[in-house]
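Given next are the chains, with one letter for each unit.
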Amino acid sequence: QVQLVESGGGLVQAGGSLRLSCAGSGSIFSVNGMNWYRQAPGKQLELVAGIGSTGIIRYADSVRGRFTISRDNAKITVYLQMNSLKPEDAAIYSCNYRPFSPPYGDYWGKGTTVTVSS
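Residues numbered from 1 in each chain as written. Predicted model: local features only at pLDDT ≥ 70, side-chain atom pairs only at ≥ 80, totals over all residues. Heavy atoms only, no water.

Draft legend 1. Representation of the pairing of strand β1 (residues 2–7) within the structure. Side chains V2, L4 and E6 project from β1 onto a buried face, and the interleaved Q3, V5 and S7 project onto a face without burial. As paired elements, β1 and strand β3 (residues 18–26) share 6 bridges and run antiparallel to each other. Bridge pairing in β3 places V2 opposite G26. (Buried < 20%, exposed > 50% of the residue type's maximum accessible area, 1.4 Å probe, protein only. Helix = DSSP H or I, 4+ residues; strand = E, 2+ residues; numbered from the N terminus. Pairing = 2+ DSSP bridges.)

Draft legend 2. Up close: the pattern of salt bridges. Under the defined criterion, the tally for this structure stands at 5 salt bridges. The shortest N-O distance in the salt bridge between E46 and R38 comes to 2.7 Å. We classify R38 as buried; its relative accessible area is 7%. Taken together, the salt bridges that share partners define one network made up of R38, E46, R66 and D89. (Salt bridge = Lys/Arg side-chain N within 4 Å of Asp/Glu carboxyl O.)

Draft legend 3. How the structure looks around the state of the cysteines. Going through the model one piece at a time under the given rule, you end up with 1 disulfide. C22 shares a disulfide with C95; S-S distance 1.9 Å. Around the S-S axis, the bridge from C22 to C95 shows a dihedral of about -80 degrees and counts as left-handed. With a gap of 73 residues between them, C22 in strand β3 and C95 in strand β9 (residues 91–97) connect regions that are remote in the sequence. For the pair C22 and C95, one class covers both residues: buried. (Disulfide = S-S within 2.5 Å.)

Draft legend 4. Representation of the packing of aromatic side chains within the structure. In the structure shown here, the tally under the stated rule is 2 aromatic pairs. Measuring from ring centre to ring centre gives 5.0 Å for Y37 and W108, while their planes differ by 55 degrees; the resulting arrangement is tilted. Pair noted here: Y37 is in strand β4 (residues 34–39) and W108 is in strand β10 (residues 107–108), with a separation of 71 residues, a long-range link. Judged by relative accessible area, which is 36%, W108 ranks as partly exposed. Here the guanidinium or amino end of R19 rests over the ring plane of Y79, the centre of that ring lying 4.2 Å away. (Phe/Tyr/Trp six-rings, centres within 6.5 Å; stacked < 30°, edge-to-face > 60°. Lys NZ or Arg CZ within 6 Å of the ring centre and 35° of its normal.)

Draft legend 5. Fine view of unusual backbone geometry. Following P102, the chain continues to P103 via a peptide bond in cis, the omega torsion being -5 degrees. In this fold, P103 is placed in the loop between β9 and β10. Residue I76 is not a glycine yet carries a positive backbone phi of 50 degrees. Within the element layout of this structure, I76 appears in the loop between β7 (67–72) and β8 (77–82). Within the chain, S84 stands out as a residue other than glycine whose phi angle is a positive 50 degrees. Inspection of the secondary structure assignment puts S84 in the loop between β8 and β9.

Draft legend 6. Spatial organisation of the nonpolar core. Judged by nonpolar contacts, the single largest core of 30 residues is most densely connected at L4, M34, W36, L80, M82 and Y93. Among the elements of the structure, β1, β3, β4, β5 (46–51), β7, β8, β9 and β11 (112–117) are those that each provide at least two residues to this core. Sorting elements by how many residues they give to this core places β9 first, with 4 residues. Discounting residues that sit within four places of it in the chain, L80 has contacts with L18, R19, L20, W36, V48, A49, F67, T68, I69 and Y93. (Core = buried A, V, L, I, M, F, W, Y, C linked by side-chain atoms within 4.5 Å. Contact = heavy atoms within 4.5 Å.)

Below, the structure written as structure tokens:
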């Protein structure tokens, strides 16, 4: 089993910053395959950023240059530093893990809410 626990959401003014954390535990041994998604009310689930099988990080166009993933491999924790936040960044942010080697799966945290006031 894999457990993912997010933290760090909250209310911030437009232009401000937040840092989200996702701590993995259980049968997870690498941060490769960990992703951040978000979903705003009435909108589709969106991949915000993710760590590929070789450790390469990809970002959604909407956040590139403003959001940065960092990682602590020893703690199996990834962070999402969000700068220059916009009202349209407000959403529930969820951590996801899809391993690149068996046993495969699709694991989700419960999410953390980010609210951006204009």
